[in-house]
Amino acid sequence: MSKLDKYRGIIPAFYACYDEEGNVSGERVQALTQHFIDKGVKGVYVNGSSGECIYQSVEERKLIIENVMAAAKGKLTVINHVACNNTKDSVELAKHSESVGVDAIASIPPIYFRLPEYSISAYWNAISNAAPNTDFVIYNIPQLAGTALTMSLFAEMMKNPRVIAVKNSSMPTQDIQMFKSAGLAAKDDFVVFNGPDEQFVAGRAIGADGGIGGTYGVMPELFLKLNELVEAGEKGKACELQYAINEIIYKMCSSRANMYAVAKEILRTNDNVNIGGVREPLENLQEADVVIAHEAAEMVKAAKERYLA
Ligand SMILES: CC(=O)N[C@@H]([C@@H](O)[C@H](O)[C@H](O)CO)[C@@H](O)CC(=O)C(=O)O
């Protein structure tokens, strides 16, 4: 048993939870956390892309993680994404994360200015030094952050003993293999999370230890089953379920509204969990999008009936 086993499995990327006025709702954060505990997932990834972190203040992000921790009570592995695009605020969130007892903090590189690698490693190490007793996860999502995790930057970060994982949301699954191999060459144990939900089976096959995903939240049971099939070596069945999941994701992405608005409507419809809409400038649902969300909700139900029986 490795001390990193708590990160191996299905970890939904936590959605932003708002009240009817669009303010962060601590009560709804707790309700969503409880929902994930009830579903039996390994953990949650809080304040990431799915958490709409770039549209939230430092105080709101503190409120969110405090409420996740209050409801999780040790029943979930909690990873808190703390990057704010400036070192000062990110450091403040890192310190606060450690004070509330998260398992790990995570960070994307700084966005907008194309910084040299020594500035990115200095940024990540400053954040990590502010939480000296907390694991650190590098979040690689070049298509959104605009900066990719190169192998030289990765090697530099491996010198930090708290760096235990990469959450890899880049599209080439080969990146997973490269980070996994280099991570294991540098350390006794190292975790890589699959990022693109549509490639979960491929990511796991090439070395990912589990996944963190933005669509797990609307169908955690299906991803738990998918992970089980992968672990059992049932390639054919795993691919069949992956294809069914992908049809659901394509449906979710076919909406004019932002995908997270669709996800929240699916949660409301299928699970009676109401966490509001999305924050502007993300698009909320119009009538045609509600139809799409309800079709996707039906697809989730049908897939559960078919694959979980
Ligand atoms: C580019 C992107 O948003 N990738 C998502 C995926 O889960 C993605 O939503 C999913 O594969 C659907 O395309 C995650 O990797 C992001 C994520 O987990 C997070 O930080 O919320």
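Residues numbered from 1 in each chain as written. Predicted model: local features only at pLDDT ≥ 70, side-chain atom pairs only at ≥ 80, totals over all residues. Heavy atoms only, no water.

## Description of the pattern of salt bridges
Any two side chains of opposite charge can pair, so long as their charged atoms come close to each other. According to the stated counting rule, one finds 20 salt bridges in the structure shown. For Lys39, the salt bridge is made with Asp271, and the minimal N-O distance between the two is 3.8 Å. Taken together, the positions of Lys39 in helix H1 (residues 26–39) and Asp271 in helix H11 (residues 259–271) put the pair 232 residues apart, joining distant regions of the chain. Residue classification places Asp271 among the buried residues on the basis of a relative accessible area of 19%. Note that Lys264 is salt-bridged to Glu52, the shortest N-O span being 2.9 Å. Taken together, the positions of Lys264 in helix H11 and Glu52 in the loop between strand S2 (43–46) and helix H2 (58–72) put the pair 212 residues apart, joining distant regions of the chain. Judged on exposure class, the residue Lys264 and its partner Glu52 are both buried. Linked through salt bridges whose partners overlap, the residues forming this network are Asp5, Arg8, Lys180, Asp189 and Asp209. (Salt bridge = Lys/Arg side-chain N within 4 Å of Asp/Glu carboxyl O. Helix = DSSP H or I, 4+ residues; strand = E, 2+ residues; numbered from the N terminus. Buried < 20%, exposed > 50% of the residue type's maximum accessible area, 1.4 Å probe, protein only.)

## A short note on the UniProt feature "active site" (unreviewed entry) in the protein chain
Under the local residue numbering, the UniProt record ascribes the feature "active site" (unreviewed entry) to Tyr139 and Lys167. A maximum C-alpha distance of 4.8 Å among these annotated residues, which run over 29 residues, shows that they cluster at one spot. Tracing the chain through its elements places Tyr139 in strand S5 (residues 135–140). Judged by relative accessible area, Tyr139 falls into the buried class, the value being 4%. Not counting residues within four places of it along the chain, the set of residues in contact with Tyr139 comprises Tyr45, Ser49, His81, Ser107, Ile108, Pro109, Lys167 and Ser169. Within the local environment of Tyr139, its side chain forms a polar contact with the side chain of Ser49, the two groups lying 2.7 Å apart. Topologically, Lys167 is positioned in strand S6 (residues 163–168). The contact partners of Lys167, leaving out residues within four places of it in the chain, are Tyr45, Val137, Ile138, Tyr139, Asn140, Phe193, Gly195 and Ile212. (UniProt positions renumbered as here; feature names shortened; annotations may be inferred. Contact = heavy atoms within 4.5 Å. Polar contact = N/O pair within 3.5 Å; in protein donor to acceptor, adjacent residues only side chain to side chain.)

## Observations concerning the side chain of Thr77
Considering the arrangement of structural elements, one finds Thr77 in strand S3 (residues 77–81). A polar contact of 2.7 Å, which involves the side chain of Thr77, links it to the backbone oxygen of Lys6. When sequence neighbours within four positions are dropped, the list of residues in contact with Thr77 reads Lys6, Tyr7, Lys42, Gly43, Val44 and Asp103.

## Quick notes on the confidence of the model for the protein chain
Taken as a whole, the protein chain shows an average pLDDT of 97; of its residues, 100% reach a score of 70 or greater. Reported for the predicted complex are a pTM of 0.98 and an ipTM of 0.97. (pLDDT = per-residue confidence, 0-100.)

## Notes on the site of the ligand
Residues in contact with the ligand amount to 21 residues; listed here are only the nearest, Ser50, Tyr139, Ser169, Glu198 and Gly214. Tyr139 is positioned such that a nitrogen or oxygen atom in its side chain is 2.6 Å from an oxygen atom of the ligand. Surface burial for the ligand is 87%, taken as the share of its 500 Å² of free accessible area covered by protein chains. Put simply, the parts of the chain that give the shell around the ligand at least two residues each are strand S8 (210–213) and H11. By residue class, the composition of the shell around the ligand is nine nonpolar, nine polar and three charged. (Near = heavy atom within 4 Å. Areas by Shrake-Rupley, 256 points an atom, 1.4 Å probe, with all protein chains shown as cover. Nonpolar A, V, L, I, M, F, W, Y, C, P; charged D, E, K, R; others polar.)

## Quick word on the sheet that holds strand S4 (residues 104–107)
As summarised here, the arrangement of the eight strands in space is S1-S8-S7-S6-S5-S4-S3-S2, forming an open sheet in which the pairing is parallel. Looking at which strands have only one partner, the edges of the open sheet turn out to be strand S1 (10–12) and S2. Neighbour-to-neighbour, the strand axes of the sheet open up by a mean angle of 25°, direction not taken into account. Across four bridges, S2 lies against S3 in parallel orientation. Its bridge partner lying in S3, Tyr45 is registered against Ile79. The strands touched by helix H7 (residues 174–186) within the sheet are S5, S6 and strand S7 (191–194), with S7 carrying the most contacts at an inclination of about 165°. (Pairing = 2+ DSSP bridges. Axes fitted to C-alpha atoms, helices over the stretch in contact; angles between N-to-C directions.)

## Brief notes about the nonpolar core
Counting residues in each nonpolar core, the largest one holds 101 residues, and the members touching the most others are Val78 and Ile79. Apart from residues no more than four positions distant in its own chain, Ile79 is found in contact with Tyr7, Ile11, Val44, Tyr45, Val46, Ala104, Ile105, Ala106, Val137, Phe193 and Ile212. (Core = buried A, V, L, I, M, F, W, Y, C linked by side-chain atoms within 4.5 Å.)

## So, the environment of Tyr7
By the element assignment, Tyr7 lies in the segment before S1. Distance from Tyr7 to Asp103, taken between C-alpha atoms, is 9.2 Å for residues 96 residues apart in sequence. Leaving out residues up to four positions away in the same chain, Tyr7 has contacts with Thr77, Ile79, Asp103, Ala104, Asp135, Ile164, Val191 and Phe193.

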